[in-house]
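Given next are the chains, with one letter for each unit.
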Amino acid sequence: MSFFDELDSGLTARELALVRDTERFCTEVLAPRLAQARSRGEPCERTVIAQWAALGMLGLQVPEEGGGFGASFLCKVRIAQTMAGHGFAAAFCLNNMQGMATRLWRHGSAVQKERLLPGLLSGRLIGAPAMSEPTAGSDLTQLRSQAVRTEGGWLLDGSKAWVSNGAIANLLMVLARTTAADGSQAIAGFLVEPEAGKAFAATPHELPGAMEFRLAEIRFAQHFVPDWALIHAPGEAFRASMEAINAARVHVAAMCTGSLHAALCTAVAYCGLRTAFGQPLLAHQGLQWALAEVAARLEAANALVVKAARRIDAGTCGPELAASAKKIAVQTATEGIEQCIRAMGAVGATAPSGLVALASEVRLAAFADGSTEMLNDRIGRGLAAAYPSALARGEQQGAQQP
Ligand SMILES: Cc1cc2nc3c(=O)[nH]c(=O)nc-3n(C[C@H](O)[C@H](O)[C@H](O)COP(=O)(O)OP(=O)(O)OC[C@H]3O[C@@H](n4cnc5c(N)ncnc54)[C@H](O)[C@@H]3O)c2cc1C
């Protein structure tokens, strides 16, 4: 059994063909462009987005009637894993764009779909969720951005931080606070085109080794958002964002195991060829066991990812499972890639190995879509329900007896 067999066994023939298209895209386009970009110390050329869009991949989960492929979440995860083997951040951002099209299809009005979906599918519109703020990350209830009613729409003020692809995004799903006539406050979601109003230019966040995320802060000042662009009514936006969070977490977890799988393959191949003290590095028990530990942990983390991904498709993935998959995958990949770098000696730390780039990008997975501490909190809150003691169960049953 190869690493991907378990996941592939759940895909249709059409989805498997999409995986093959992705592999070709990665070999012919993504990998060489990433290598060039990294050597220049810049993010990848934007033409990569157009080439990915030309394959129809930005509509991966949009149904065929909407111009997409209607693929399963399992397929999305498999494709993301393949891409993340070449670049975690590139996979994250390209798949984020695809996620925006899916979200628009599921929650958008007919007008919103007509105006925006073609642009999202073609890659002309680069979409990103904009929830976090300079003063509100883990605790989104603290967000300060305000949308105030005006004739024909809303005026938006505030700052959004850590927007993936934010340096080039031209369609944001912005969460902002609204105030009703009776003074009550709620959070609403808006589809905002920064270039169409008074958004201040995006300021990139400086992240050494992780510029491929193109993370940026975007500030709005009296930015007009028309009525038709309200996607989540006041009071509904927070719930809608939390509904999507389980899938987002499993998706990030999958990319982590995809990146670690690629790093381990690189390390095993190198250590099988490089000799020291008369035999291949891989034949030295100390080093072999270190990589065996990485492999065993990778398989365990990936099993959790596959289980959670299947449950997302079935609609039965609880928050604890999604949080556990991401927590374990991030930790396993972060530590595992470092071990792979060490196993290769100084060569592991060179740019051509690609491992340092993966390590720098995967490290940030610990924050995206919920920090590890927030995931612990989520898992912790479900402990009593998930692991009831036999004693407590017996007492409950006993109490019910007359
Ligand atoms: C690569 C990347 C991509 C991202 N993409 C997007 C995007 O597209 N859109 C978007 O809106 N946001 C995005 N984010 C932002 C991300 O959602 C936030 O980084 C995350 O929510 C954490 O917020 P923070 O960084 O402000 O940390 P803070 O909330 O300030 O937390 C700082 C530290 O304190 C810990 N902490 C906080 N509260 C508790 C607690 N109660 N108990 C214990 N520890 C606690 C956190 O775990 C963290 O370690 C992205 C971030 C990254 C790194």
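What you are looking at is a predicted structure, and each value in this text was computed from that prediction instead of being measured.

About the cut-offs
Residues numbered from 1 in each chain as written. Predicted model: local features only at pLDDT ≥ 70, side-chain atom pairs only at ≥ 80, totals over all residues. Heavy atoms only, no water. Pairing = 2+ DSSP bridges. Helix = DSSP H or I, 4+ residues; strand = E, 2+ residues; numbered from the N terminus. Domains from an automatic or database assignment. Contact = heavy atoms within 4.5 Å. Buried area = accessible area lost by both parts, 1.4 Å probe. Salt bridge = Lys/Arg side-chain N within 4 Å of Asp/Glu carboxyl O. Polar contact = N/O pair within 3.5 Å; in protein donor to acceptor, adjacent residues only side chain to side chain.

1. So, the pairing of strand 7 (residues 216-226)
Now for step 1: Alignment of strand 3 (residues 153-163) against strand 7, held across eight bridges, turns out to be antiparallel. For lysine 160, the partnering residue across the bridge sits in strand 7 and is isoleucine 218.

2. Observations concerning the domain arrangement of the chain
Buried accessible area, meaning the area lost when the parts come together, often serves as the stated size of an interface.
Now for step 1: The domains assigned to the chain are domain 1 (5-125), domain 2 (129-235) and domain 3 (238-386).
Now for step 2: Centre-to-centre separation of domain 1 and domain 3, based on C-alpha positions: 21 Å.
Now for step 3: The interface of domain 1 with domain 3 comprises 23 residues on the first partner and 28 residues on the second.
Now for step 4: Here domain 1 and domain 3 share an interface that buries about 1900 Å² over both sides, 67% of which is from carbon and sulfur atoms.
Now for step 5: By the criterion of area lost to domain 3, the three top residues of domain 1 are Phe73, Gln81 and Phe88, representing 35% of everything that side buries.
Now for step 6: The tally of links between domain 1 and domain 3 comes to one salt bridge.
Now for step 7: As a salt-bridge pair, glutamate 6 and arginine 310 come within 3.3 Å of each other at their nearest N and O atoms.
Now for step 8: On the surface where domain 1 and domain 3 come into contact, there are ten residue pairs in polar contact (both at pLDDT 80 or more).
Now for step 9: For the side of domain 1 that touches domain 3, the elements supplying multiple residues, two or more each, are helix 1 (5-8), helix 4 (73-84) and helix 5 (88-107).

3. Considerations on the side chain of glutamine 339
Now for step 1: Relative to the helices and strands, glutamine 339 is located in helix 9 (residues 319-343).
Now for step 2: At 2.7 Å, the side chain of glutamine 339 and the side chain of arginine 342 are in polar contact.
Now for step 3: Look past the residues within four positions of glutamine 339 in its chain and what remains in contact with it is Ala290 and Val294.

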